[in-house]
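# Coordinate inspection notes
Residues per chain, in single letters:
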Amino acid sequence: MVVKVHGFPVSGATRAVTLTLQELGVPYELVIVNVKDGEHKSAEYLENMHPFGQIPVLVDEDGFTLFESRAIARYLVAKYGPDSGLAPKELKKNALFEQAMSIESSDFAPYAGGLGIEVMKPMRGLEVSQERVSEYTSTLEQKLKVYDKILSKQKYLAGNEITLADLLHLPLGNFITERAGFKGLTATPNVARWWSDISSRESWKNVLAEGQALMAKLS
Ligand SMILES: N[C@@H](CCC(=O)N[C@@H](CS)C(=O)NCC(=O)O)C(=O)O
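Residues numbered from 1 in each chain as written. Predicted model: local features only at pLDDT ≥ 70, side-chain atom pairs only at ≥ 80, totals over all residues. Heavy atoms only, no water.

## What to know about the site of the ligand
Convention followed: Being near a molecule or strand, for a residue, means having at least one of its heavy atoms within 4 Å of it. Using the Shrake-Rupley algorithm and a 1.4 Å probe, accessible areas are obtained, with residue cover drawn only from the displayed protein chains. In DSSP terms, a helix is any run of H or I states spanning at least four residues, a strand is any run of E spanning at least two, and both are numbered starting from the N terminus. Asp, Glu, Lys and Arg are counted as charged, while Ala, Val, Leu, Ile, Met, Phe, Trp, Tyr, Cys and Pro are counted as nonpolar; the rest, among them Gly, fall into the polar class.
Every residue near the ligand is listed here: Ser11, Gly12, Ala13, His40, Lys41, Gly53, Gln54, Ile55, Pro56, Glu68, Ser69 and Arg70. Protein coverage of the free-state accessible area of the ligand, which is 510 Å², stands at 67%. At the level of elements, helix H1 (12-24) and helix H3 (69-80) are the ones that each hand at least two residues to the shell around the ligand. For the shell around the ligand, a count of residues per class yields 3 nonpolar, 6 polar and 3 charged.

## Comments concerning the pattern of salt bridges
Applied cut-off: A pair is scored as a salt bridge if a Lys or Arg side-chain nitrogen falls within 4 Å of a carboxyl oxygen belonging to Asp or Glu. Each residue is placed in one exposure class: buried if its accessible area under a 1.4 Å probe, protein chains only, is under 20% of its type's maximum, exposed if it is over 50%, and partly exposed if it falls in between.
For the coordinates displayed, the defined rule picks out 9 salt bridges. One salt bridge in this structure joins Lys79 and Asp60, with 2.8 Å as the shortest N-O distance. Of the two residues, Lys79 sits in helix H3 while Asp60 sits in the loop between strand E3 (57-59) and strand E4 (65-67), which places them 19 residues apart along the sequence. In this structure Lys79 comes out as partly exposed when scored by relative accessible area, which is 34%.

## Some details on the sheet that holds strand E2 (residues 28-32)
Let me state the cut-off plainly: In this description, strands pair whenever DSSP reports at least two bridges between them. To obtain an axis, a line is fitted to C-alpha atoms, over the contacting stretch when the element is a helix, and the angle between two such axes runs from 0 to 180 degrees between their N-to-C directions. By definition, residues are in contact when any of their heavy atoms lie within 4.5 Å.
With mixed pairing, the 4 strands of this open sheet are ordered in space as E2-E1-E3-E4. The open sheet has two edge strands with one neighbour each: E2 and E4. The average undirected angle you get between the axes of adjacent strands in this sheet is 20°. Contacting strand E1 (3-7) and E2, H1 crosses the sheet at an angle of about 160° to E1.

## What about the UniProt feature "domain: GST N-terminal" (unreviewed entry) in the protein?
Our working definition: UniProt positions are given in the numbering used here, feature names are shortened, and annotations may be inferred rather than shown by experiment.
Per the UniProt entry, the sites bearing "domain: GST N-terminal" (unreviewed entry) are residues 1-84 in this numbering. From the first C-alpha to the last, residues 1-84 spans 23 Å; its make-up is 37% helix and 19% strand.

## Quick look at helix H9 (residues 202-218)
Just so we agree on the cut-off: The span you would expect from a helix comes to 1.5 Å times its residue count less one. The arc in question is the one spanned by the directions pointing from the helix axis to the C-beta atoms.
A rise of 1.5 Å per residue sets the reference length of H9, with its 17 residues, at 24 Å; its end C-alpha atoms lie 24 Å apart and thus fit the reference within 8%. The complete set of buried residues in H9 reads Ser203, Trp204, Val207, Gly211 and Leu214. Buried residues along H9 cover an arc of 100° about the axis, so they all sit on one side. Residues of H9 that are exposed and point more than 90 degrees away from the buried face comprise Glu202, Gln212, Ala216 and Lys217.

## Remarks on the packing of aromatic side chains
Our working rule: Centre distance within 6.5 Å is the pairing criterion for rings of Phe, Tyr and Trp, where only the six-membered ring of Trp is used; planes under 30 degrees apart are then read as stacked, over 60 as edge-to-face, and the remainder as tilted.
Taken as a whole and assessed by the stated rule, the structure comprises 5 aromatic pairs. Relative to Trp195, the ring of Trp194 lies with its centre 6.2 Å away and its plane at 50°, an arrangement referred to as tilted. With respect to class, Trp194 is no different from Trp195; both count as buried. One aromatic cluster is present, built from ring pairs that chain together Phe108, Tyr147, Trp194 and Trp195.

## A look at the environment of Ile176
Relative to the helices and strands, Ile176 is located in helix H7 (residues 170-179). Under the relative-accessibility criterion, Ile176 is labelled buried at 0%. As a C-alpha pair, Ile176 and Tyr111 span 65 residues in sequence and 10 Å in three-dimensional space. Excluding residues within four positions of it along the chain, Ile176 makes contact with Ala112, Leu115, Gly116, Leu140, Gly181 and Phe182.

## Some thoughts on the packing of H1 against H9
Worth spelling out the cut-off: In this scheme, roughly parallel covers angles under 35 degrees and roughly antiparallel covers those over 145, while 65 to 115 is roughly perpendicular and the rest are oblique. Left-handed describes a crossing whose near helix is turned anticlockwise from the far helix by less than a right angle; the clockwise case is right-handed.
The interhelical angle for the contact between H1 and H9, taken along N-to-C directions, is 130°, at an axis separation of 8 Å. In terms of their interaxial angle, H1 and H9 are classed as oblique. Here H1 and H9 pass one another in a crossing that is right-handed. Contact with H1, carried on its side by Arg15, Thr18, Leu19, Gln22 and Glu23, involves Ser203, Trp204, Asn206, Val207, Leu208, Glu210 and Gly211 of H9 and no other residues of that element. Taken together, the residues of the contact of H1 with H9 sort by class into 4 nonpolar, 5 polar and 3 charged.

Pasting the structure below:
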């Protein structure tokens, strides 16, 4: 059985998983969950796939099922690319990797995700709060100034080698840049250099192309 990712092509959390698979060179099938019709809230989905009614969910080749994109990404690296360097194993390199993973989930995702949710509100018939947009934007700009300092001393967030911690910024970072007009990822020299580096990876280009192709089929 092939690895299956149950999700939606433009969902950031789904992309975090497919990006990891692309990076590891693992073939997979993206199974579309019909979020527009609320498939992810159906009793069957809640029971068998994701108790919180979200995407993505991984169903591995042996049937093992896992939700939460960061947990899935780490599982995939441990299983399919333990020596890929995407999650370093040596004690201190691993500690710096864990530090960078926490930076992504504590200092980036809450604000980038909040901004993303805010600008998507009109699609659900809701009004955008400009106050919240400004708050998320300015907090993220402040956080990225700290990123710039870190990235002035090293190439990537966990050191001089790329890890999952860098890659996991791509889906939300791309979304807020494209859909919310966020400029912070190109505003300071070291962040701009890092952003351009990770954005130009083949794995990410494949994820974007896959999203475009699947969305064209769905429309
Ligand atoms: N922490 C979760 C977040 C997943 C998440 O927010 N998924 C969104 C799509 S990107 C979703 O399912 N939204 C629908 C909902 O929450 O009802 C992860 O990283 O997997």
